[in-house]
Amino acid sequence: MPNQSIRINLTTKWAFAYLIALFILLFAMTIGISFGSVPVPIPVLIQIIGKEILHLPISADPDLMLTNIVMNIRLPRVLLAGLVGASLAIAGAAFQGLLRNPLADPYTLGISSGASVGAVLTIFLNISLPFIGLYTLPALSILCSVLTMLCVLTFAKKMDRSMKVETIILTGIIFSSFLSAFISLMIALTGDELRQIIGWLMGSVSMRGWNYIVIILPFFIIGSLTLIMNTSELNAMTFGEDRAKHLGVNVKRRKMWILIAGSTLTGAAVAVSGAIGFVGLVIPHFVRKIWGPDHKHLLPLSLLIGGGFLILADFVARTIIAPSELPIGVITSLIGAPAFALILLKRRREG
């Protein structure tokens, strides 16, 4: 009976956690679609979604202008922000679990900068690979993000054979600085693409249509499923690689799969939205503090809350100084940089 009671309590706890995460995501989506320069009342929004997406038999036709605003401007923007936030958050949660450090995320490890180089090169040189066409931008971003991660790990191993987490993060920051300088060089050499590259680098999901969702969606599904399939291994590696080996985990292979999946998610997110920092740092840390470090739930919850967080950040970015817009990266950095400093300070005190 006590075991059954504990099981019921745990089930209730996780059901409550997922309900909260889903509520945050749905609330953020509703706010993001309904509010703006032209407000869309929630009953009208429900009508539009019901008719245009669910194809329900609705007697009253919604206003054509509001339908156009929802279906062609706000809904794709909100969905894209949600996919980008979810990608960065679940990738950050996986990296933090793998490296056993809450300071690890795609931004601090230099992976975002590597993906940015791939994307800027694609825009700068106007590259379009045969057979993949539309997917050239995310493909090259992902390739550069994976290569950056491999370079960071190789260089960190040269510096410190024990591969301490602090060494990996320091190496990531070094590579990030170098790659940022390389991007600045390309911007200095560019001509007509200057505005496009700078706007993209600052991070934004503005004026992105359904094509961008088509670009990120397959990589999001593959990367997220790969990470979720490795949650048991991430839990085992939390106690150290030697302990994980004793538990039967093929550490080398699993580590590579997790790194590639996280880099894929980061590369695809950066390709469609630019470099948006600190989402992968703040959200997993927040989820871990509230619901614990079990990756079987940490990763899906980070995915849901990360999507909702970036939708709300985008909403703030486009309304706080309306009719102008702030880059979404400004909002996430204003939240993430102090959070990064607090986590670092806490670790120093504990150390």
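Conventions adopted
Residues numbered from 1 in each chain as written. Predicted model: local features only at pLDDT ≥ 70, side-chain atom pairs only at ≥ 80, totals over all residues. Heavy atoms only, no water. Helix = DSSP H or I, 4+ residues; strand = E, 2+ residues; numbered from the N terminus. Contact = heavy atoms within 4.5 Å. Expected span 1.5 Å × (residues − 1). Buried < 20%, exposed > 50% of the residue type's maximum accessible area, 1.4 Å probe, protein only. Patch = residues over 30% accessible without salt bridge, like charges linked within 9 Å, V, L, I, M, F, W, Y side chains within 5 Å. Areas by Shrake-Rupley, 256 points an atom, 1.4 Å probe, with all protein chains shown as cover. Salt bridge = Lys/Arg side-chain N within 4 Å of Asp/Glu carboxyl O. pLDDT = per-residue confidence, 0-100. Axes fitted to C-alpha atoms, helices over the stretch in contact; angles between N-to-C directions. Parallel < 35°, antiparallel > 145°, perpendicular 65-115°, else oblique. Left-handed = near helix turned anticlockwise from the far one by under 90°. Core = buried A, V, L, I, M, F, W, Y, C linked by side-chain atoms within 4.5 Å.

Our next topic: the environment of Met149. Considering the arrangement of structural elements, one finds Met149 in helix 5 (residues 136–159). Distance in space between the C-alpha atoms of Met149 and Leu304 is 25 Å, their sequence separation being 155 residues. In contact with Met149, other than residues within four places in its own chain, are Phe95, Leu109, Ile111, Leu259 and Ser263.

The next point concerns helix 4 (residues 111–125). If you check helix 4, its first and last C-alpha atoms are 21 Å apart, about what 15 residues at 1.5 Å a residue would give, namely 21 Å. Buried residues dominate helix 4, accounting for twelve of its 15 residues. Along helix 4, the residues classified as buried are Ile111, Ser112, Ser113, Gly114, Ala115, Ser116, Val117, Gly118, Ala119, Val120, Thr122 and Ile123. Phi turns positive one or two residues past the end of helix 4, at Asn126, with a value near 55°.

This brings us to a nonpolar patch on the surface. On the surface, a nonpolar cluster with roughly 400 Å² of combined accessible area is contributed by Leu143, Leu147, Leu150, Met256 and Ile260. Of note, Ile260 is situated in helix 11 (residues 251–273).

Moving on: the confidence of the model for the protein. Residue-level pLDDT values for the protein average 85, and 93% of them are 70 or greater. Confidence, read as mean pLDDT per element, is least for helix 7 (residues 194–201) in the protein (68) and greatest for helix 13 (residues 295–319) (95).

Moving on: the packing of helix 3 (residues 64–99) against helix 12 (residues 279–291). In the contact formed by helix 3 and helix 12, the axes pass within 7 Å of each other and the chain directions differ by 70°. Relative to helix 12, the element helix 3 lies roughly perpendicular. Seen along the crossing, helix 3 lies across helix 12 with a hand that is right-handed. In this structure, helix 3 uses Gly85, Leu88, Ala89, Gly92, Ala93 and Gln96 to contact helix 12, whose residues at the interface are Val279, Gly280, Leu281, Ile283, Pro284, His285 and Arg288.

Counting 85 residues, the largest nonpolar core has Val84, Phe95, Leu109, Leu227 and Val279 as its most contacted members. No other element matches the 20 residues that helix 3 contributes to this core. Here Val84 is in contact with Ile216, Ala269, Val272, Ser273, Ile276 and Leu310, once residues within four sequence places are set aside. Among the nonpolar cores identified, the runner-up in size contains seven residues, and Val120, Ile183, Met186 and Ile197 belong to it.

Here helix 12 is 13 residues long and its end C-alpha atoms lie 18 Å apart, about the 18 Å a rise of 1.5 Å per residue gives. Of the residues making up helix 12, those classed as buried are Val279, Gly280, Leu281, Val282, Ile283, Pro284, His285, Val287 and Trp291. Note on helix 12: the residue one or two positions beyond its end, Gly292, has a positive phi of about 95°.

A complete count under the given rule lists three salt bridges for this structure. For the salt bridge of Asp314 with Arg77, the shortest nitrogen-to-oxygen distance reads 2.8 Å. Separated by 237 residues along the polypeptide, Asp314 in helix 13 and Arg77 in helix 3 bring together distant segments of the chain. This pair shows no difference in class: Asp314 is buried, exactly as Arg77 is. Taking the shortest distance from any N to any O, the salt bridge between Arg77 and Glu325 comes out at 3.0 Å. Placement of Arg77 in helix 3 and of Glu325 in the loop between helix 13 and helix 14 (328–350) is noted, with a sequence separation of 248 residues between them. Owing to a relative accessible area of 10%, Arg77 belongs among the buried residues under this scheme.

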